[in-house]
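Listed below are the residues making up each chain.
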Amino acid sequence: MTPSARVQAAIEILDEVIASTRNDGPPADAIVTRYFKARRYAGSKDRRAVRDLVFRAIRRSGERPNAGRKAMIGLASEDAELTSSFDGSAHGPPPIGDEEGAEGSLVPAWLQSQLSPLVTADEFPALLERAPLDLRVNVARTTRQAMVEAFEGAEPTALSPWGIRLPPDSHVDQHAAFAEGLVEVQDEGSQLIALACDPQGSTNILDLCAGAGGKSLALAAAAPDAHILACDTNRARLSNLEPRAERAVARIGIRLLDGGREAQQLADLDGQADVVLVDAPCSGSGTWRRNPEGRWRLTAERLQRVTKLQARLLDIAAPLVKPGGTLVYAVCSIIAAEGADQVAAFLGRHSSWLAQDALGSFGRKDGDGRLLTPAHDGTDGFFVARLGRSC
Ligand SMILES: C[S@@+](CC[C@H](N)C(=O)[O-])C[C@H]1O[C@@H](n2cnc3c(N)ncnc32)[C@H](O)[C@@H]1O
């Protein structure tokens, strides 16, 4: 493919990504893969180059552009070589017209005032930088040092005692240590959420929103004798946990919940958990480094819907915690309504609960919890709070 043809391909893919973010369609990565499945003539270098253009264009545009061409012109405004690819050649895009300007704010304007006050504009570029690849070492079965030595280019993570960090785009799924369940892919921030649960001994831990079990697996590795119950309403996600737990040799109970009937289905566990983790569904605004088009999917209405669900899940979780036990609330979000404000509202509704210090000195204090951000901590963005039920 000529450089111009690559730019045209990226524009066509971006058109599909834009439509997909409007209609709740597949992620950008899947759209790139599908595009090239239908164009076998493109070589691996072309695919890589086009993919890179697509993601660079998405990263630099906080607002959803109305067309792929506009997104690519935005990128070209910072890259003279790219501008020259708008040359009107056979497979390339038409030249850029005088009226075709470029916009440029990394965070959508409507969201900027909704971020945690700790996330100031100087932190915006880090929200969109490419993320490294973090692995969590299965410390029940091996040591971090052994895994640092097993993976080329690996370094211990600065904050999580279980993590090793590899350069972006490292591939680990063919590595023997991965196949043997000695490591799992998990962002350092996510590992710190599990650490905030203080997993130890034979405690009862209920992971209410376990998904595919990333945090449950971390908890089981840190406390192999703990009784961990992983719950979720999403059958497909939860079904990934069993093979992962087998690979890790972890003991984790699983309970599929019906949305709307969670409280009844968990009533047998009332007041029994030492720790309930609510790793709630959220805007995903802390993971824009990995899913930059997430900014284009988020709307005020979606945000409102998800904050309502978070409040409901916190209220479902509260009675499951035993007196003297702890509720750990986490979201991979940097939006105040999902983090500090959500916890303040919970404490307003539940007078017998008190905020506790989140374990460890990671992140920054944000209301009654702590906030991790890419700029400050080198992790995905997370909010976490520990809430104690009085005895
Ligand atoms: C942030 S994800 C959890 C990620 C997971 N803890 C991990 O570490 O991989 C949020 C999860 O909440 C689940 N969820 C949504 N509504 C729920 C509900 N009403 N009850 C329980 N889980 C729910 C979603 O299916 C999703 O898997």
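Keep in mind that what you see is a predicted model, and the values were worked out from it rather than measured. (Residues numbered from 1 in each chain as written. Predicted model: local features only at pLDDT ≥ 70, side-chain atom pairs only at ≥ 80, totals over all residues.)

A. Main features of the overall build of the protein chain. Tallying secondary structure elements over the protein chain gives 18 helices and 13 strands in all. Since a compact globule built from 391 residues should have a radius of gyration of about 21 Å, the 22 Å found for the protein chain is in line with a globular shape. Dimensions along the principal axes, computed over C-alpha positions, put the protein chain at roughly 75 × 45 × 35 Å. Residues classed as buried in the protein chain amount to 46% of the 391 residues present. By sequence separation, contacts in the protein chain at least 24 residues apart represent 71% of the contacts at least 6 residues apart. (Helix = DSSP H or I, 4+ residues; strand = E, 2+ residues; numbered from the N terminus. Rg over C-alpha atoms; globule rule 2.2 N^0.38 Å. Buried ≥ 20, exposed ≤ 12 C-beta atoms within 10 Å, placed from the backbone. Contact = placed C-beta atoms within 7 Å.)

B. Structural detail: the site of the ligand. Taken together, 19 residues lie around the ligand, and Cys209, Gly211, Gly214, Asn234 and Asp279 are the ones closest in. At the level of secondary structure, the elements contributing two or more residues to the shell around the ligand comprise α11 (214-222) and β6 (227-232). Taken together, the residues that form the shell around the ligand break down as eight nonpolar, six polar and five charged. (Near = placed C-beta within 6 Å. Nonpolar A, V, L, I, M, F, W, Y, C, P; charged D, E, K, R; others polar.)

C. Inspection of the domain arrangement of the protein chain at higher detail. When its domains are assigned, the protein chain resolves into domain 1 (3-92), domain 2 (133-185) and domain 3 (196-389). Here the C-alpha centroids of domain 1 and domain 2 sit 33 Å apart. (Domains from an automatic or database assignment.)

D. Broad picture of the UniProt feature "active site" (unreviewed entry) in the protein chain. On the UniProt side, "active site" (unreviewed entry) is annotated at positions that read Cys332 here. By the element assignment, cysteine 332 lies in the loop between β9 (321-331) and α17 (340-349). Setting aside residues up to four positions removed in sequence, cysteine 332 forms contacts with Cys282, Gly284, Gly286, Thr287, Asp380, Gly381 and Phe382. (UniProt positions renumbered as here; feature names shortened; annotations may be inferred.)

E. Structural detail: the packing of helix α10 (residues 188-196) against α11. Here α10 crosses α11 at 55°, and the two axes come no closer than 9 Å. Regarding the angle of α10 to α11, the classification is oblique. In this structure, α10 meets α11 at a crossing whose hand is right-handed. The residues of α11 that touch α10, namely those facing Ser190, Gln191, Ile193 and Ala194, are Gly214, Lys215, Ala218, Leu219 and Ala222. (Axes fitted to C-alpha atoms, helices over the stretch in contact; angles between N-to-C directions. Parallel < 35°, antiparallel > 145°, perpendicular 65-115°, else oblique. Left-handed = near helix turned anticlockwise from the far one by under 90°.)

F. Main features of unusual backbone geometry. We note that aspartate 24 has phi near 60°; this positive angle belongs to a residue other than glycine. Along the chain, the position of aspartate 24 falls in the loop between α1 (3-22) and α2 (28-37).

G. Structural view of the pairing of strand β3 (residues 163-166). Sheet analysis places strand β1 (residues 133-137) next to β3, joined by four bridges and oriented antiparallel. Bridging from a neighbouring strand, aspartate 134 pairs with arginine 165 of β3. The pairing of strand β2 (residues 155-156) with β3 spans two bridges and is classified as antiparallel. Looking across to β3, one finds that glutamate 155 is bridged to arginine 165. In this antiparallel pair of consecutive strands, β2 and β3, the connection spans six residues. (Pairing = 2+ DSSP bridges.)

H. Seen up close, the packing of α1 against α2. Following both chains from N to C, one finds α1 and α2 inclined at 140°, their axes separated by 10 Å at the closest point. The orientation of α1 relative to α2 falls into the category oblique. Helix-helix and strand crossings are classified by hand; for α1 and α2 the assignment is right-handed. Residue-level contacts link Ile13, Glu16, Val17 and Ser20 of α1 to Ala28, Ile31, Val32 and Tyr35 of α2. Looking at the contact of α1 with α2 residue by residue, the class counts come to six nonpolar, one polar and one charged.

I. Main features of the sheet that holds β3. Sheet architecture is open: four strands sit in the order β2-β3-β1-β4, paired in antiparallel fashion. The two strands at the open ends of the sheet, each matched to only one other strand, are β2 and β4 (183-185).

J. Just the confidence of the model for the protein chain, in detail. Here the protein chain averages 95 in pLDDT, and 99% of its residues register 70 or above. Scored as a complex, the prediction yields pTM 0.95 and ipTM 0.99. (pLDDT = per-residue confidence, 0-100.)

K. Geometry of the environment of threonine 326. Counting through the fold element by element, threonine 326 comes out in strand β9. Threonine 326 sits in the buried class, given 22 other C-beta atoms within 10 Å. Between the alpha carbons of threonine 326 and lysine 37 there is a distance of 49 Å; along the sequence they are 289 residues apart. Those residues in contact with threonine 326 that lie beyond four places of it in its chain are Val275, Val321, Gln356, Arg386, Leu387 and Gly388.

L. Main features of the nonpolar core. Membership of the largest hydrophobic core comes to 69 residues, with the highest contact counts inside it found for Ile205, Leu219, Val276, Val278, Val328, Tyr329 and Val384. When near neighbours in sequence (up to four residues on either side) are disregarded, isoleucine 205 contacts Cys197, Pro199, Leu219, Ala226, Ile228, Ala273, Asp274, Val275 and Leu277. Membership of the second largest hydrophobic core comes to 23 residues, among which are Ala28, Ala57, Ile58 and Leu75. (Core = buried A, V, L, I, M, F, W, Y, C linked by C-beta atoms within 7 Å.)

M. Spatial organisation of the environment of aspartate 122. You can see aspartate 122 is positioned in the loop between α6 (109-112) and α7 (124-127). Considered as a pair, aspartate 122 and alanine 375 are 253 residues apart in the sequence and their alpha carbons are 8.7 Å apart.

N. Representation of helix α3 (residues 44-60). Between its first and last C-alpha, α3 extends 24 Å over 17 residues, near the 24 Å set by a 1.5 Å rise per residue. Lining the buried residues of α3 we find α1, α2 and α4 (68-76). (Expected span 1.5 Å × (residues − 1).)

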